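Coordinate analysis (summary)
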Amino acid sequence: MKNYSVSSMKISETKEKKIIHRPTRYFDEQGNRIYNSFEYDLSYNPSYKGSERKRFFAKLIDILPFFLIFLIIGKEIAIVSFIYSVPCVIIFGAISETCWGTTLGKKVFKMKVIDDFGNHPGFLKSLSRNFLCLINFFPVFTDYIPPAHHTWEAEGTSMHLNNTIYKTYIVQENRIKEIKAMLQQKNIKTTH
């Protein structure tokens, strides 16, 4: 039986030190404000900040081929083509994320999906998170419902509910090596 090295360190358990400089009411002899430094251990979050718009367009790119197949080849009306496309995108997205960590739309925007250990999510986890992405578009399920005069764009409706529940992360492709190296380094520190 082969002994595989499996990282037991989780992204959700990883902390990073942040130093925050808070201004005081005092100044030094040169007139520069004096700052107090506070060090905090904050949860590490590798997620792609500000990716909501890209994730939305990635989902549209994912649905477009299925929509066109049902519309043109299947000769269905637009709404029926869209409704048929949704389960196809959920299933194909789960398969694609399990095998490659990305979908066609995410690939266009250079994004990947990783689980709490920095690997591609398993099929059932990916299928579940893709199913839950549907409720990201319904504000009743979010933590905050903006006032009527606010727009979706202004408040940045969260598209992270499914990732929060399943402890998956949408990250930029170029950060994968950095995240895996950080997890490996943390794992080495915890085993010594």
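Residues numbered from 1 in each chain as written. Predicted model: local features only at pLDDT ≥ 70, side-chain atom pairs only at ≥ 80, totals over all residues. Heavy atoms only, no water.

So the rule is basically this: UniProt positions are given in the numbering used here, feature names are shortened, and annotations may be inferred rather than shown by experiment.
Looking at an unreviewed UniProt entry, the protein chain carries the name RDD domain-containing protein, with the source organism given as Chryseobacterium indologenes. One UniProt comment on the protein chain, placed under Subcellular location (unreviewed entry), says "Membrane".

1. Thoughts on the packing of helix 2 (residues 78-100) against helix 4 (residues 123-132)
For clarity, the cut-off: Throughout, an axis means a line fitted to C-alpha atoms (over the contacting stretch in the case of helices), and angles, computed between N-to-C directions, take values from 0 to 180 degrees. Helix and strand assignments follow DSSP, with helices taken as H or I runs no shorter than four residues and strands as E runs no shorter than two, numbered in order from the N terminus. Any angle between 65 and 115 degrees counts as roughly perpendicular, while under 35 counts as roughly parallel, over 145 as roughly antiparallel, and the rest as oblique. Handedness of each helix crossing follows the sense of rotation of the near helix against the far helix: counterclockwise by less than a right angle gives left-handed, clockwise gives right-handed. Any two residues having at least one pair of non-hydrogen atoms within 4.5 Å are treated as being in contact. Only Asp, Glu, Lys and Arg are considered charged, only Ala, Val, Leu, Ile, Met, Phe, Trp, Tyr, Cys and Pro nonpolar, and every remaining residue, Gly among them, polar.
The contact between helix 2 and helix 4 brings their axes to 8 Å, and the two run at 140 degrees. As far as their axial angle goes, helix 4 and helix 2 are oblique. Of the two possible hands of crossing, helix 2 and helix 4 adopt the one that is right-handed. Where helix 2 approaches helix 4, its residues Ile90, Ile91, Gly93, Ala94, Ile95, Glu97 and Thr98 are matched on the opposing element by Phe123, Ser126, Leu127, Arg129, Asn130 and Phe131. When the residues that make up the contact of helix 2 with helix 4 are grouped by side-chain class, the tally is 7 nonpolar, 4 polar and 2 charged.

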